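Next come the chains, spelled out residue by residue.
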There are 2 protein chains.
Amino acid sequence: MPMELPGKIAIMGGGSWATALAKIVLSTQDSINWYMRKPETIEEFKQWKHNPNYLISVRFDTERITFFSDINEAIEQSDTLIFATPSPFFKQHLEKVHTPLKDKFVISAIKGLVPEDNMLITDYFAERYEVPQKNIAIIGGPCHAEEIAFERLSYITLGCVSNENREIISNVFRNQYLKNSYSNDVTGIEYAAVLKNVYSIVAGIYHGMKYGDNFQAVFICNAIEEMRNFISAVHPVERDITDSVYLGDLLVTSYSRFSRNRIFGTMIGKGYSVKTAQIEMEMIAEGYYGTKCIHEINEKYKVEMPILNALYEILYERKSPFTTVRNLTEKLK
Amino acid sequence: MPMELPGKIAIMGGGSWATALAKIVLSTQDSINWYMRKPETIEEFKQWKHNPNYLISVRFDTERITFFSDINEAIEQSDTLIFATPSPFFKQHLEKVHTPLKDKFVISAIKGLVPEDNMLITDYFAERYEVPQKNIAIIGGPCHAEEIAFERLSYITLGCVSNENREIISNVFRNQYLKNSYSNDVTGIEYAAVLKNVYSIVAGIYHGMKYGDNFQAVFICNAIEEMRNFISAVHPVERDITDSVYLGDLLVTSYSRFSRNRIFGTMIGKGYSVKTAQIEMEMIAEGYYGTKCIHEINEKYKVEMPILNALYEILYERKSPFTTVRNLTEKLK
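The rules we used
Residues numbered from 1 in each chain as written. Chains lettered and ligands numbered in written order. Predicted model: local features only at pLDDT ≥ 70, side-chain atom pairs only at ≥ 80, totals over all residues. Heavy atoms only, no water. Helix = DSSP H or I, 4+ residues; strand = E, 2+ residues; numbered from the N terminus. Rg over C-alpha atoms; globule rule 2.2 N^0.38 Å. Buried < 20%, exposed > 50% of the residue type's maximum accessible area, 1.4 Å probe, protein only. Contact = heavy atoms within 4.5 Å. Areas by Shrake-Rupley, 256 points an atom, 1.4 Å probe, with all protein chains shown as cover. Lys, Arg positive; Asp, Glu negative; His and termini not counted. Charge placed at Lys NZ, Arg CZ, Asp CG, Glu CD. Least-squares fit on C-alpha atoms with pLDDT ≥ 70 in both. Pairing = 2+ DSSP bridges. Axes fitted to C-alpha atoms, helices over the stretch in contact; angles between N-to-C directions. pLDDT = per-residue confidence, 0-100. Salt bridge = Lys/Arg side-chain N within 4 Å of Asp/Glu carboxyl O. Core = buried A, V, L, I, M, F, W, Y, C linked by side-chain atoms within 4.5 Å. Buried area = accessible area lost by both parts, 1.4 Å probe. Polar contact = N/O pair within 3.5 Å; in protein donor to acceptor, adjacent residues only side chain to side chain. Nonpolar A, V, L, I, M, F, W, Y, C, P; charged D, E, K, R; others polar. Parallel < 35°, antiparallel > 145°, perpendicular 65-115°, else oblique. Left-handed = near helix turned anticlockwise from the far one by under 90°.

Draft legend 1. Structural context of the overall build of chain A. Broken down by element type, chain A carries 15 helices and 10 strands. What you see for chain A is a C-alpha radius of gyration of 19 Å, in line with the 20 Å of a compact globule of 333 residues. Seen through its C-alpha atoms, chain A measures out along the principal axes to roughly 55 × 40 × 35 Å. Looking at chain A residue by residue over its 333 residues, the buried ones come to 65%. Of the contacts formed within chain A by residues at least 6 apart in sequence, a portion of 70% connects residues at least 24 apart. In the structure as shown, chain A presents an accessible area of about 13,100 Å², 45% of it carried by carbon and sulfur atoms. Computed over 36 positive and 41 negative side-chain charges, the inter-centroid distance for chain A is 5 Å.

Below you can see the structure in the form of C-alpha cells.
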C-alpha cells in the first residue's frame, strides 16, 4: 500500500448513513471528499450547508468538503473510500467505476449483499476490484444515523482482518459520541447486518398485528439463534453472537422507531400489500432484498430458518402474512 | 408424592402476576384456591368480580375461586402451590406457615431472592421446608402480567429437574395465548430473573438521561454477557443465554413500558433521589433488593460485573448516577 493510512477520505453516497458518517469523519479529519450521484443535490447542499434530503438538522462546514458527482474522479482523488450506498443501488454505482481500486483502502458501511450475485460487499471488492483483504474494512453495530445526528453516545464495530490497519482506521471514527469495538469477523458481521434487517421486518409485521412486548422478546431470541446458526454454517469461526455488532444491531433495528425495515414490516402487519408498503416507504427497506439473497444462499447450506422462510413466503410467494406469522409462532420457543 | 398432580391448585399472592396466573390457571382448571393476605381485598374481589388493586380489567367467575386469607388453611386445602408474592415480602408470608409443605408441589413464580439469606426461592423451599427438588418448579420467561390480561400471545418457560412432573404441570399453563418451553436449569432461571431486574433499572437510568436506542442496544448486549458470566460461575451447566427465559426476559423488562424496574431507573435517571423514586413507585422495584443480594453473593464468586457494581454504588453508596453511568460507558463494547 503506497499511501499513508487513512490518507484522504471519501464518503461514497448521499443517504442518511453516508451523511452521519461524513459528520463523524469531519469530527476527526480536516477535510473530506464526498461523492453524490446527483449534481443538483450537491448544489443544494452547498447552498443550504446541509444534506437537502437526509439528516437535515446536521449542518456542515462546506469549505471542508470537496464534492464529486463523478465517481471516478472521487476515487482518483482519495485514498480511503467509505461506501455507504443502499445495497440495492450498489452495483449501479460500481458499474461506472473504471478507476482501479486495488491501491485504495475500502470501508464498507453497506448493510446488505450485492443483489443477484448474492455476494458480500467486501468479497465483491476483493474479487472484482482486487482490493487486498487487509485493505478492506467494515463498519457494523447498532448505529442509527438519526442518533449520530443528535450526537447520542453510540458504538460501532470495525471489522478488518488486519489488526494494524483496523487500529489506524479507528482513529477516524472515534470521538466523544462514538466508541469503537474491534473484530476480525468481517464475513460474520456482514451477514449479521443483512439478517438483522430481515428479522426487523418480521418484528414489524408482528407489531403491526398487535402482538405485544412479551412476544417481541421471544421473537428476538429466536431470531438471534437463527442468525447464529446461519452464520456459523456459512462462516464457522469463534464468535459471540451476543456481541453488540450482532445482537445489538438486531435489537436496535427491531425495537427502534427509526428502523425503516421495521416500519416496512409494520405496514404489512397492518394490512398493506407488500407493493403498497414499498411505494409508501420513502427509503429502501433493505431487508426486502436481503430476504431473497439469504434464501438463495441457504439453498446450499440448508440451515433451519423458519423466520427467514416465513418472510420469504410473505414477500415473494404472496402467502398471507396473518396465517404465515401465526404458523411461525408454533416454531418459536 | 401421594396426590395426583396437579391436584388442587392454589395461587399464593394478590399482586398483578398472581392475578395473571390465576387467569391462566382458570383457563385450564375448573376451580382454584387463592390466598391473599388481606380479608378486605378478598371481600372487594368477591363483590366486584375482579382484583380491586391489579389487572382490574380481568373479570373472574368468583364461583370457581375459593379465597383464603389464612395461609395455612390455603396450603392445607391445596396440592400445588403457586407462589407469586414479591420477593421482598416472601419471608413475611412464609413465617406464618406451620403447615408442612413437603408433600406439596411448589411452583415459584417469584422473580427474586430471599432477602438477607440471599437464597434462591426454590432452595428455600427445599432446605427449610423439605420439599423434594423434583416437586419444585419455576415459571420464567418474558411475561408481563399486563399482556396476559389482554391475552396477547406469550411464552413462559417451566423449569423443573423432573421432566415428568414438568410435563404434567405444563398442562396447567398452556392455552391459546400462552405457550410453554421447558428447562432443567432451575437455578440459572432464578438468577436470570433477579439479574434482569437489576439491568432493567440501569437501562431505565440511561433512558432517563436521554441516552438513545443505539446505546440501549449496546447496553443490553453487555448486560446479557455479564448475566451469562455470573450464572456460569454460580451454576456451571450447559445453557444458551439467548433462550427466551434468559435473554427474552431481560429484553421485555428493559424495553417494555410495563416494567416497574425500568420506570424506577428512569426516575433516577431524570434526577429523582433513590428514596423519592421508591416512594413514588406504587409497586416494588424488585431489582433494588436484587442488586444487594447479587452484590453480596458475588463477593464469593468475584465475577467481573461492572454494570451490577455501578448500580450498587448508585443505590447503596449514594454515588452520583450521572458520573457512575457515564464511567460505565467506558467499560462497554
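Draft legend 2. Broad picture of the relation of the copies chain B and chain A. With an axial shift of 0.0 Å and an RMSD of 0.0 Å, the rotation relating chain B to chain A amounts to 180 degrees. As the rotation angle and translation indicate, the two copies are arranged about a two-fold axis. Mapped onto chain A, 100% of the interface residues of chain B are again interface residues, and the two copies thus contact each other with one and the same surface.

Draft legend 3. Local environment of the sheet that holds strand β5 (residues 105–108) of chain A. Residues and elements named next belong to chain A. Spatial strand order, β3-β2-β1-β4-β5-β8-β9-β10: eight strands in an open sheet with mixed pairing. Edge strands, defined here as strands with exactly one partner in the open sheet, are β3 (65–68) and β10 (178–183). The average undirected angle you get between the axes of adjacent strands in this sheet is 25 degrees. Across four bridges, the pairing between strand β2 (residues 32–35) and β3 is parallel. The residue bridging I32 from the neighbouring strand is I65, located in β3. Those strands touched by helix α1 (residues 16–26) are β1 (9–12), β2, β3, β4 (80–83), β8 (136–140) and β10, and its axis lies near 170 degrees from that of β2. Here helix α2 (residues 39–48) sits on the sheet and contacts β2 and β3; the angle it forms with β3, its principal contact strand, is near 160 degrees.

Draft legend 4. Just the confidence of the model for chain A, in detail. Overall, the prediction assigns chain A a mean pLDDT of 95, with 98% of residues at 70 or greater. Under the prediction, the complex receives an ipTM of 0.95, its pTM being 0.96.

Draft legend 5. Structural context of the pattern of salt bridges. On inspection of all chains with the given rule, the structure shows 26 salt bridges over all chains. Residues E330(B) and K179(A) are paired through a salt bridge, measuring 3.0 Å at the closest nitrogen-oxygen approach. Taken together, the residues span two chains, with E330(B) in the segment after α15 (321–329) and K179(A) in strand β10. The exposure class of E330(B) is exposed, given its relative accessible area of 58%. A single salt-bridge network, built from bridges that share partners, covers K91(A), E116(A), D117(A) and R128(A).

Draft legend 6. Spatial organisation of the nonpolar core. If you look at the biggest cluster of nonpolar residues, it comprises 123 residues, and the most contacted ones within it are F219(A) and F219(B). In this view, F219(A) contacts Y199(A), V202(A), A203(A), Y206(A), I307(A) and L332(A); residues no more than four positions away in its chain are not counted.

Draft legend 7. Summary view of the interface of chain B and chain A. Contacts between chain B and chain A engage 40 residues on the former and 40 residues on the latter. Summing the contributions of chain B and of chain A, the shared interface buries around 3,200 Å²; its carbon and sulfur component is 55%. It is Y155(B), N214(B) and T242(B) that lose the most area in chain B upon contact with chain A, and together they represent 20% of the buried surface on that side. Across the contact surface, chain B and chain A share six salt bridges. Between D240(B) and R228(A) there is a salt bridge, with the nearest N and O atoms lying 2.9 Å from each other. In this assembly, chain B and chain A are joined by 26 residue pairs in polar contact (both at pLDDT 80 or more). Broken down by element, the side of chain B that touches chain A gets its largest block of residues, 10 residues, from helix α9 (residues 213–234) of chain B. Tallied by class, the residues present in the side of chain B that touches chain A amount to 18 nonpolar, 10 polar and 12 charged.

Draft legend 8. Representation of the sheet that holds strand β8 (residues 136–140) of chain B in the model. Residues and elements named next belong to chain B. Pairing is mixed in the open sheet, where eight strands are placed in the order β3-β2-β1-β4-β5-β8-β9-β10. In the strand order of this sheet, the two ends are held by β3 (65–68) and β10 (178–183), each with one partner. Averaged over all pairs of adjacent strands, the angle between strand axes in this sheet comes to 25 degrees, irrespective of strand direction. Bridge count for strand β1 (residues 9–12) against strand β2 (residues 32–35) is three bridges, and the pairing is parallel. Directly across from I11, in β2, lies its bridge partner W34.

Draft legend 9. A look at unusual backbone geometry. Residue L5(A) is joined to P6(A) through a cis peptide bond whose omega torsion reads -5 degrees. Secondary-structure assignment places P6(A) in the segment before β1. If you check the backbone angles, R318(A) has positive phi at about 55 degrees while not being a glycine. With respect to the element layout, R318(A) can be found in the loop between α14 (306–316) and α15 (321–329). In this structure, N118(B) is a non-glycine residue whose phi angle is positive, near 50 degrees. Structurally, N118(B) can be placed in the loop between β6 (113–114) and β7 (119–120).

Draft legend 10. Representation of the environment of Q133(B) within the structure. Residue and element names in this part refer to chain B. Within the secondary structure, Q133 is located in the loop between α5 (121–129) and β8. Among the residues examined, Q133 registers a relative accessible area of 39% and is labelled partly exposed. A C-alpha to C-alpha distance of 9.4 Å links Q133 and V106, two positions 27 residues apart in sequence. Once residues within four sequence positions are removed from consideration, Q133 is found in contact with D123, A126 and V161.

Draft legend 11. Up close: helix α5 (residues 121–129) of chain A. Along α5(A), the positions that sit buried rather than exposed are I121(A), T122(A), Y124(A), F125(A), A126(A) and Y129(A). In the stretch just after α5(A), E130(A) is the one whose phi turns positive, near 55 degrees.

Draft legend 12. Layout of the packing of helix α8 (residues 186–208) of chain A against helix α11 (residues 260–269) of chain A. All names here are of chain A. Contact geometry of α8 with α11 gives a least axis separation of 6 Å together with a crossing angle of 40 degrees. Between α8 and α11, the angle falls in the class oblique. Crossing handedness for the pair α8 and α11: right-handed. The segment α8 lies against α11, with N197, S200, I201, G204, I205, H207 and G208 engaging N261, R262, F264, G265, T266, I268 and G269.

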